[in-house]
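Descriptive analysis of the structure
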Amino acid sequence: MKKWIFAAVIGALALAALGTWGYGQYTANRKLENYLSNKYQRAFYDLAGQVQSLEVLLSKSMVASDPRLDSALLMEIRQQAAFAQSNLGQLPINDALAGRTAKFLTQVGDYADSLVRLVSRGEAIDAKHWDTLNSLYEQSAALNRELQGMQESVAQNNFYFSEMVRQVRSKLQKTPDNLARTDFQAMDKQMQRYPALIYDGPFSEHLERAEPKDLSGQGEIDAPEAERRAFVFIDRQDGAGYQARVTGEANGRIPAHRVEVTSDRGDGAVTVLDVSRQGGKVIWMMNSRPLGEQKLSIEEARQKAARFLADRGFGEMRSTYFLRHGNSVTFNFAAVQDGVTIYPDLVKVTVALDNGEIIGVETSGYLMNHRRRDLPKAGVTREQALAAVNPRLKVSGGNLVLIPDGVSEEKLAYEFHGKLGEDSYLIYINAVNGREENVLKLIETPGGTLTM
Amino acid sequence: MIVICLVCLLALIAVLAALQGRQAAAQNPVLYWGSAGDDVYRVQQRLSQWGYYTGYADGVYGYETFRAVSSFQRSNGLLADGVVGPATWAALGLSAPADVPAVSRGAATDRGDITLLARVIEGEAADEPLLGKVAVGAVILNRTKSASFPRTISGVIFQPEAFESISNGQAYRPVSQESLQAAQMAMSGYDPTGGSLFFWNPAKEVNPWVWSRNVVTQIGNHVFAR
């Protein structure tokens, strides 16, 4: 008799414990759902508010005539667009649903930024810019209309964002078929009706379609030729035999043959390279063999990297900075023409610190930009340029360099090293008109120096 | 009868403990008799250093390890059950993941970005070769440069539903050296994906829309597209 009661009591306690725990989990779950839904709501309402501001600001910028006011409006547009894009990125809708919208927001902000630079240089906003602003204004008005419509839905339907939360939890990858997602998709479709925006900014369309300048005019190569080029390019070690084999095609920004090179040295490492179809140049190379303890100094590794590039026909290169990670170090090299360091023509070389073997090369910057340039003549002397540097800095250097400006422009400049207390800076003075172009801060880390 | 009840009770306790343990799995897994792996090896090494463990550190939790762990727990005022849970990990001084990158002297640095990138790479491509890991890192960096995605690395990584390993917590495992190296190479500019913005495993279920993108290449188990 007692045993039976004892068993029942234990059983009941166990059930009660399980029940309490289960209920606790359920309430915690609901709380989190609520919390998440609130976050989405905040992001959505902020997005709607910012897009509304954008529409108003764009229309104002088209009618303002004082360049100072224009400047202020454009900077405000840039800020609102950045916030709007950030808030859009917090909503659980993927690129399929809102990619075009995100793109519009980024480009509006970016375009406003490029106009501000124009205005601050003293140039006026001409008819072409006005037309683009008008088109952007129309797009923002359409977007605003869609979002206002959605705000109505949200106000009427209490479960709008809870649905989203549920979608996120169940992670269904089916085609979107519920209210929230359909609304966003309709909004995105509106945006797709407008033509692509082309202007000189980092997020402009034409960056996607840029042609690699170093390969222009060259013929296509086939797979066996790609294997031969890969074989010649890699850092062959003495006493090892190599086999190169094309394993596929890469249809990225620069179409290429993918080549794998194996060695008979037995460490199992494979070197993979992409050799461009046009011109047969190596875009990148990576040898992923395990690395041993460091035996070389950074300076010895730099010399090996420089010799490697010289042997492969890169011409005169100057090493700019390096970054060390683990037992390898990556050097950045820039091309040199007539004594001027050309920064956009960038090659990165990774050297293994156990035996000095070149285990990585990255040349896409060089391939996209390198060509024989007509360099402008320096309009100011080094001394005159020095005068333009902030007098608080202790200055040295003053070599001529070519720096990128925006996306497709390049500027000739004097590069000075400035020291203020413990901090180091790089100052760029335009060599043609003597104005200060840019200031970069040098940040020392254990792995190397970063510029920001 | 009593035996059945006691067994039920024990089963309940075991289930609850296992569920608690699963939450901690993202940081340091709970180890007990029968566990095996790198984590067991670390525990054995540490206990060996401190004189509790006299056997061979082979990464398999057997009787010797059990005795050593129990003895350690007894000496440190912990519950001597032979199970290495969060308290025992802390007492062993092995709470942090093994690979923490060095902190820079400067105030402004991108160390945080590299660690975050390495975490996602570890979560998404732990079984891929180095090339596949660098490729995943490159996709994330390409997204920051694309107009359709957020501008910062953390913005891209934490975009809702963007990366499965972030959504399900797998990205919070200890980061391997290879993932860190891959993150650094991707930050240095290596891009084996030719500017790709998307990657997926074709063997797994994926949104069919993604196949309409321009496929660039396949590396390991992942297909990359722009």
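The model shown is predicted, which means the values in this text are computed figures rather than measured ones. The residue numbers shown here count from 1 along each chain, following its written sequence. Labels follow written order: the first chain is A, the first ligand is 1, and so on. Whole-chain, interface and lining totals are the exception, using all residues; otherwise, since this is a predicted model, local features are given only for residues with pLDDT of at least 70 and side-chain atom pairs are given and counted only at 80 or more. With hydrogens and water excluded, all non-hydrogen atoms of the structure serve as input to the side-chain values.

**With respect to the overall build of chain B**
A tally of helices and strands in chain B yields 9 helices and 3 strands. Where helices and strands are cited, they refer to DSSP runs of H or I of at least four residues and of E of at least two residues respectively, numbered from the N terminus. What you see in chain B, going N to C, is helices and strands ordered as α-α-α-α-α-α-α-α-α-β-β-β. Think of it in three bands: residues with accessible area under 20% of the maximum for their type are buried, residues over 50% are exposed, and the middle band is partly exposed, with areas taken using a 1.4 Å probe on protein chains only. Residues classed as buried in chain B amount to 45% of the 226 residues present. In what follows, residue pairs with any heavy atoms lying within 4.5 Å of each other are defined as contacts. Considering only contacts within chain B whose residues lie at least 6 apart along the sequence, 56% involve residues at least 24 apart. Areas reported as accessible are Shrake-Rupley estimates using a 1.4 Å probe. Residue values count occlusion only from the protein chains shown. Split by element, the accessible area of chain B, about 10900 Å² in all, is 56% carbon and sulfur.

**Focus: the overall build of chain A**
Looking only at helices and strands, chain A features 10 helices and 13 strands. Over its C-alpha trace chain A gives a radius of gyration of 30 Å, far above what one expects of a compact globule, namely 22 Å for 452 residues. Dimensions of chain A along its principal axes, counting C-alpha atoms only, are 95 × 75 × 55 Å. By the burial criterion, 46% of the 452 residues in chain A qualify as buried. For chain A, long-range pairs separated by at least 24 residues make up 57% of all intrachain contacts whose partners lie at least 6 apart in sequence. Counted as positive: Lys and Arg. Counted as negative: Asp and Glu, with His and the chain ends omitted from the count. Taken as the charge location is NZ of Lys, CZ of Arg, CG of Asp or CD of Glu. Here chain A carries 53 positive and 56 negative side-chain charges, and the mean point of each set is 6 Å from the other. Radius of gyration here uses only the C-alpha atoms, and the compact-globule reference equals 2.2 Å multiplied by the residue count raised to the power 0.38.

**With respect to the packing of helix 6 (residues 130-145) of chain B against helix 9 (residues 177-188) of chain B**
All names here are of chain B. The angle between two axes is taken between their N-to-C directions and runs from 0 to 180 degrees, where each axis is a line fitted to C-alpha atoms and a helix contributes only its stretch in contact. Helix 9 packs onto helix 6 with a crossing angle of 45° between their chain directions and a minimal axis gap of 8 Å. With respect to helix 9, the axis of helix 6 lies oblique. Two packed elements cross with a definite hand, and for helix 6 against helix 9 that hand is right-handed. For the pair helix 6 and helix 9, the contacting residues are Leu-130, Lys-133, Val-134, Gly-137, Ala-138 and Leu-141 in the first and Glu-178, Ser-179, Gln-181, Ala-182, Met-185, Ala-186 and Met-187 in the second. Gly counts as polar in this scheme, as do all residues outside two lists: the nonpolar Ala, Val, Leu, Ile, Met, Phe, Trp, Tyr, Cys and Pro, and the charged Asp, Glu, Lys and Arg. Residues of the contact of helix 6 with helix 9, tallied by class, amount to 8 nonpolar, 3 polar and 2 charged. Throughout, the term roughly parallel applies to angles under 35 degrees, roughly antiparallel to angles over 145, roughly perpendicular to angles from 65 to 115, and oblique to all others. Whether a crossing is left-handed or right-handed is set by the direction in which the near helix is turned from the far one by less than a right angle, anticlockwise for left-handed and clockwise for right-handed.

**A short note on helix 7 (residues 223-233) of chain A**
Residues and elements named next belong to chain A. Among all positions in helix 7, only Ala-226, Ala-230 and Phe-233 are buried. Taken end-on, helix 7 shows its buried residues confined to a sector of 65°, consistent with a single buried face. Buried residues along helix 7 sit against strand 1 (242-250), strand 2 (256-263), strand 3 (270-276), strand 4 (282-287), helix 8 (298-311) and strand 8 (358-362). Here a polar contact is taken to be a pair of N or O atoms separated by no more than 3.5 Å, where protein atoms must pair a possible hydrogen donor with a possible acceptor and residues adjacent in sequence count only if both atoms sit in side chains. The opening residue of helix 7 is Asp-222, an N-cap whose side-chain oxygen sits 3.2 Å from the backbone nitrogen of Glu-225. Arc, as used here, means the arc of the directions from the helix axis to the C-beta atoms.

**Observations concerning the pattern of salt bridges**
All names here are of chain A. In what follows, salt bridge is the name for a side-chain nitrogen of Lys or Arg lying within 4 Å of a carboxyl oxygen of Asp or Glu. Using the criterion set out here, one finds 21 salt bridges over all chains in the structure. Linking Glu-410 and Arg-371 is a salt bridge whose minimum nitrogen-to-oxygen distance equals 3.4 Å. Note that Glu-410 is positioned in strand 10 (residues 409-420) and Arg-371 in the loop between helix 9 (364-369) and helix 10 (382-387), a separation of 39 residues in sequence. Overlapping salt bridges, with partners in common, bring together Asp-345, Arg-371, Arg-373 and Glu-410 in one network.

**Here's the deal with the sheet that holds strand 3 (residues 222-225) of chain B**
All names here are of chain B. Spatially, 3 strands are ordered 1-3-2 in an open sheet, and the strand pairing comes out antiparallel. The two strands at the open ends of the sheet, each matched to only one other strand, are strand 1 (198-200) and strand 2 (215-219). Averaged over neighbouring strand pairs, the angle between their axes works out to 20° when direction is ignored. Only strands that DSSP links by at least two bridges are regarded as paired with each other. In the sheet, strand 2 pairs with strand 3 via 4 bridges, with the strands oriented antiparallel. By the bridge assignment for strand 3, Ile-219 is matched with His-222.

**Describing the nonpolar core**
Here, nonpolar core means buried Ala, Val, Leu, Ile, Met, Phe, Trp, Tyr and Cys residues that are tied together by side-chain atoms lying within 4.5 Å of each other. Among the nonpolar cores identified, the biggest contains 47 residues, and Met-286 of chain A together with Leu-117, Val-134, Ile-140, Ile-157 and Phe-163 of chain B are the most heavily contacted of them. If you list the elements that add at least two residues to this core, you get strand 4 and helix 9 of chain A together with helix 5 (111-125), helix 6, helix 7 (153-157), helix 9, strand 1 and strand 3 of chain B. Setting aside its immediate chain neighbours within four residues, Met-286 of chain A contacts Val-270, Thr-271, Val-272 and Ile-359 of chain A together with Leu-130, Leu-131, Val-134, Met-185 and Tyr-190 of chain B. Residues Leu-57, Ala-64, Ile-77 and Val-154 of chain A belong to the second largest nonpolar core, which totals 45 residues.

**Notes on the interface of chain A and chain B**
In this assembly, 55 residues from chain A lie in contact with 50 residues from chain B. Accessible-area loss on putting two parts together, using a 1.4 Å probe and summing over both, is the definition of buried area adopted here. Buried area between chain A and chain B, summed over both chains or domains, comes out near 4400 Å², and the portion from carbon and sulfur atoms is 61%. Taken together, the links from chain A to chain B amount to 0 salt bridges. Linking chain A with chain B are 10 residue pairs in polar contact (both at pLDDT 80 or more), by the criterion used here. It is helix 1 (residues 2-63) of chain A that provides the largest number of residues to the side of chain A that touches chain B, a total of 8 residues. For the side of chain A that touches chain B, the per-class residue count stands at 26 nonpolar, 17 polar and 12 charged.

**Concerning a nonpolar patch on the surface**
On the surface, Trp-4, Ile-5, Val-9 and Leu-13 of chain A cluster together into a nonpolar patch covering about 440 Å² of accessible area. With respect to the helices and strands, the residue Val-9 of chain A is situated in helix 1. What goes into a patch is any residue over 30% in relative accessible area without a salt bridge, connected to like charges within 9 Å or, for nonpolar side chains (Val, Leu, Ile, Met, Phe, Trp, Tyr), within 5 Å.

**So, the confidence of the model for chain A**
On a scale of 0 to 100, pLDDT captures the predictor's confidence in every residue. In the predicted model, chain A carries a mean pLDDT of 85, and the fraction of residues at 70 or more is 91%. Segment residues 172-177 of chain A: pLDDT under 50, and 7 contacts once partners within four positions in sequence are set aside and those in other chains are kept.

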